[in-house]
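Inside the fold
If you want the building blocks of each chain, they are given just below.
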Amino acid sequence: MTSRPTSRTDITASSTPDLTGMKIAHRGMLHDTRRFAEILGRIGGGEPCDGRRRDAIAGYLDQLCASIHHHHTIEDEVVWPILTASAGAAVDVHDLEDDHTQLEAFLATLQARTAAFSAAKPDRLGVAATDLAATLDDVHQLLGEHIADEERVVFPIVDRYVSVADWDRVEKAARAGASMRFEVPRMMRHADERELAKMKSEAGPVIRAMLALLVRSFDKREALIAGPAR
């Protein structure tokens, strides 16, 4: 491995990898951990939460933990090796790998406290919700720091050194192990206007119809999770 590999932009003026999917994924993680911390905080403070709402919250958080774990697995097993092979000594991902180890421990706690919230007796629901809210706050804070570092360190390296073909391998691996029924509506929710227009333009009529069904189902659960109007 050379100490300074030739950058992709030094070789050709070809287009750069599209990082939109990773940006939206990061956005979704941060938004979900923050909003669920707020929701569980309100429930801990006495806001009504019947069985259907509790099941919807627990189910979403289980899927969120699986989504974050999958995202970090793809980074560990696919993204980091590509970066190292493409950029050599120009990139060091050891701190980001350490973050993943710490985040996995936090996710284990989050899953355990989600299970405790789901199974809590009525007189213990508030305590379980408060504990879960605190863990979500911790995960949100660590994710925020990790994502900021990752986008500062990794994104410029990808832009400079990684080929479009190699980044397509990342996107393919990410899709292969993901729950698209969960991920696709979240991507559409967290995409900005330009990103959403691009996704819709790239989808054919059949795919757009399927997306509409997924989003409708997702929104029904969202209404249940949100709870009573304030």
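All of these numbers come straight from a predicted model, not from anything done at the bench.

**Focus: the overall build of the chain**
A tally of regular secondary structure across the chain gives 9 helices and 0 strands. Along the chain, from the amino end to the carboxyl end, the secondary structure elements read α-α-α-α-α-α-α-α-α. Oriented by its inertia axes, the alpha-carbon framework of the chain measures out at about 65 × 45 × 25 Å. Burial statistics for the chain: of 230 residues in total, 40% are counted as buried.

**Concerning the packing of helix α2 (residues 20-44) against helix α5 (residues 125-161)**
For the pair α2 and α5, the least separation of the axes is 8 Å and the interaxial angle reads 160 degrees. By the angle class used here, α2 and α5 are roughly antiparallel. The chirality of how α2 crosses α5 is left-handed. Partitioned by chemical class, the residues of the contact of α2 with α5 number 15 nonpolar, 8 polar and 5 charged.

**Brief notes about the side chain of His70**
Along the chain, His70 turns up in helix α3 (residues 51-87). Those residues in contact with His70 that sit more than four places away from it in its chain are Ala173, Ala174, Gly177 and Ala178.

**Let's talk about the packing of aromatic side chains**
Here the structure, examined in full by the defined rule, presents 3 aromatic pairs. Measuring from ring centre to ring centre gives 6.1 Å for Tyr60 and Phe218, while their planes differ by 55 degrees; the resulting arrangement is tilted. Placement of Tyr60 in helix α3 and of Phe218 in helix α9 (residues 205-226) is noted, with a sequence separation of 158 residues between them. The class of Tyr60 is buried, set by a relative accessible area of 0%. Cluster of aromatic residues (ring-pair linked, three or more members): Phe36, Tyr60, Phe182 and Phe218. Note that Arg35 overlies the ring of Tyr60, its terminal NZ or CZ placed 5.2 Å from the centroid.

**What to know about the pattern of salt bridges**
All chains considered together, the criterion is met by 11 salt bridges. The partner of Arg35 in a salt bridge is Asp32, with the nearest N and O atoms 2.8 Å apart. Here Arg35 pairs with Asp32, and both are found in helix α2, just 3 residues apart, close to one helical turn. Among the residues examined, Asp32 registers a relative accessible area of 0% and is labelled buried. As a salt-bridge pair, Asp166 and Arg169 come within 3.2 Å of each other at their nearest N and O atoms.

**Description of the side chain of Glu47**
Mapped onto the secondary structure, Glu47 falls in the loop between α2 and α3. Polar side-chain contacts of Glu47 include one of 3.0 Å to the side chain of Arg42. Among the polar contacts made by the side chain of Glu47, one reaches the side chain of Arg53 at a distance of 2.9 Å.

**Regarding the nonpolar core**
Judged by nonpolar contacts, the single largest core of 32 residues is most densely connected at Phe36, Leu40, Ile43, Ile57, Phe117 and Leu136. Within the residue set of this core, elements represented by two or more residues are α2, α3, α4 (94-119), α5 and α9. Those residues in contact with Ile57, other than ones at most four positions away along the chain, are Phe36, Ile39, Leu40, Ile43, Cys49, Phe117 and Ile225. The next biggest cluster of nonpolar side chains, apart from the first, holds 20 residues, and it includes Leu19, Leu96, Ile157 and Tyr161.

The rules behind these values
- Residues numbered from 1 in each chain as written.
- Predicted model: local features only at pLDDT ≥ 70, side-chain atom pairs only at ≥ 80, totals over all residues.
- Heavy atoms only, no water.
- Helix = DSSP H or I, 4+ residues; strand = E, 2+ residues; numbered from the N terminus.
- Buried < 20%, exposed > 50% of the residue type's maximum accessible area, 1.4 Å probe, protein only.
- Axes fitted to C-alpha atoms, helices over the stretch in contact; angles between N-to-C directions.
- Parallel < 35°, antiparallel > 145°, perpendicular 65-115°, else oblique.
- Left-handed = near helix turned anticlockwise from the far one by under 90°.
- Nonpolar A, V, L, I, M, F, W, Y, C, P; charged D, E, K, R; others polar.
- Contact = heavy atoms within 4.5 Å.
- Phe/Tyr/Trp six-rings, centres within 6.5 Å; stacked < 30°, edge-to-face > 60°.
- Lys NZ or Arg CZ within 6 Å of the ring centre and 35° of its normal.
- Salt bridge = Lys/Arg side-chain N within 4 Å of Asp/Glu carboxyl O.
- Polar contact = N/O pair within 3.5 Å; in protein donor to acceptor, adjacent residues only side chain to side chain.
- Core = buried A, V, L, I, M, F, W, Y, C linked by side-chain atoms within 4.5 Å.

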